[in-house]
Amino acid sequence: MNIKISALQFTRDVKSGNVSVEDFIAKTMEQIKKIDGNLHAFLSLNEKAVDQAKEIDKKIKSGAKIGQCFGMPISIKDNICIKDTKTTCASKMLENFIAPYDATVITKLKQQDAIFVGKVNLDEFAMGLSTEFSAYGPSKNPWNTDYVPGGSSGGSAVSVSAFECVASLGSDTGGSVRNPASFCSTVGYKPTYGLISRYGLISYANSIEQIGPLTRTVEDAAFMLNLIAGIDPNDNTTIDNNNEDYLKEINSGIEGKKIGIIKEMIGEGIEPSVLSATKDAISKLEGLGATCEEVSLDMVKYSVAAYYTITATEAGSNLARYDNLRYGYDFSVEGYEFNSYIEKARKKLGPEVTRRMILGGFVPSAGHAGKYFLKALKVKSKLTKQINDAFKKFDLLLSPTVPILPFKIGEKINDPVALFLIDINTVTANLTGKPAISIPYAISNGLPIGIQLIANSMNDKLLLQAAHALEKTVKLPEVPI
Ligand code: GLN
């Protein structure tokens, strides 16, 4: 049986009786056991997955109503809560944390008869872009295991590209769905801010982050969005999308659409192979009837600085609860005064999270807020104005997802600023709340390159249509695993 199929193909095969869910899940679990020792996408496995598959097969046989996932194997980033399941955020602080409730996305997928095969690796608390900051060790890129898979949703991207599941959910605060999707040659999609509930996603910088799917195809991303989008009383930033069907009309094409190529995202520091893939994508889109023209968003040059100032500030507040009292308890308060107690408790956090928390205490503090935090908020609003102006002229914006190819594990771990700068093309969509998607586009020296499309808020349907049109022009080799 072939497990190298799309999510939609899986549902068709099960529906038509060609595939038993039990066989598919058993084979998927076998694949995980066979290759994950080397790739390390998973932090924990669902030992009941095969039993759950048997139940779904029974349900199908009995003619009972069955959910749209038909027992589809899905992996979940380990910062999204599944009730009664370990949710570590790849941190020692939450090593023993068992989630007491389901995230809204999990509730919705359970209702559709999804099977969660396991929880997947990330940079600790989703801070990073290589999964090297996981407290449980890095994941490896299936295209070449000496290289990082990207991050922070690295485990999600690896598990999709190495056929350890058919789809995954990650989270994207500044690129964490799109970056690993680009590095591992999967689709990675961050919807409009508010389209998917964040209830049960452990917050890093909640004013800009979204849960998003990583999938083999754009159609699969649209399928996943159909299942998990919509208003949620538990997250008051969610938007009513009127039960939009994102799959319907996915083949509309992009004839007559205007696409702006963001100048600041194809300039300094871009690798030649990434630039040439981008140029190639532009000519393909023109071939499909779109018009492409360069557009300048000059606030992009301050976007990374603004992003790290804002996210560190939110992280400083969101992570204050990890104090060895409510979470991560393993020593008693007796015999400590406040500072030495907190100092010892916080030692369970790794170097990157510690760096962000120190920064997050400093930049919004009295006497400094005007220079840093408030300035960052001004950049955010100016950038939003610039991108909104661009959308008066263009339907979509384009850039490479990441300006460089995947790099070697260990190569940049001691250079946090170099790592921050790699986010230059992804953070704009988060700071402005716009939907953005990474489409697998090319392979250079055996390493993947993704192209990013960005649309205006709530134009997710158009974004997916355009991404699907571009995807259809691409034929890539199979991942060498
Ligand atoms: N690399 C970025 C950061 O470290 C993005 C992370 C994310 O999107 N979660 O903050």
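Residues numbered from 1 in each chain as written. Predicted model: local features only at pLDDT ≥ 70, side-chain atom pairs only at ≥ 80, totals over all residues. Heavy atoms only, no water.

So, the pairing of strand β4 (residues 167-172)
- In terms of residue burial, β4 counts as a mostly covered element, since six of its six residues are buried.
- Along β4, one buried face is formed by Ala-167, Leu-169 and Ser-171 and the opposite face, lined by Ser-168, Gly-170 and Asp-172, is buried too.
- Pairing of strand β2 (residues 73-77) with β4, which is carried by three bridges, proceeds in the parallel orientation. In the strand pairing of β4, Ser-75 is matched with Ser-168. (Buried < 20%, exposed > 50% of the residue type's maximum accessible area, 1.4 Å probe, protein only. Helix = DSSP H or I, 4+ residues; strand = E, 2+ residues; numbered from the N terminus. Pairing = 2+ DSSP bridges.)

Some details on unusual backbone geometry
- Across the junction of Gly-151 and Ser-152, the peptide omega takes the value 10°, indicating a cis bond.
- Within the element layout of this structure, Ser-152 appears in the loop between β3 (115-120) and α5 (154-161).
- Of note, Phe-163 is a non-glycine position whose phi angle comes to about 60°, a positive value.
- On the secondary structure map, Phe-163 appears in the loop between α5 and β4.
- On the basis of relative accessibility, which here comes to 8%, the residue Phe-163 falls in the buried class.
- Positive phi outside glycine occurs at Met-458, with the angle close to 65°.
- Its location among the elements puts Met-458 in the loop between β11 (447-455) and α15 (460-471).
- For Met-458, a relative accessible area of 35% gives the class partly exposed.

Some remarks on the sheet that holds strand β6 (residues 210-215)
- Across the sheet, eleven strands lie side by side as β1-β3-β2-β4-β6-β5-β10-β11-β9-β7-β8; this open sheet has mixed pairing. Of all the strands in the sheet, the pair left with one neighbour each is β1 (42-45) and β8 (291-295). Between one strand axis and the next, the sheet turns by 30° as a mean value, whatever way the strands run.
- As defined by bridge partners, strand β5 (residues 187-190) adjoins strand β10 (residues 436-444) across three bridges and the pair is classed as antiparallel. Residue pairing across strands places Gly-188 opposite Ser-438, the latter belonging to β10.
- Along the sheet, helix α4 (residues 104-111) contacts β2, β3, β4 and β6; its crossing angle with β3, the most-contacted strand, is approximately 150°.
- On top of the sheet, α15 reaches β5, β9 (396-400), β10 and β11; it is set at about 15° to β10, its chief contact. (Axes fitted to C-alpha atoms, helices over the stretch in contact; angles between N-to-C directions. Contact = heavy atoms within 4.5 Å.)

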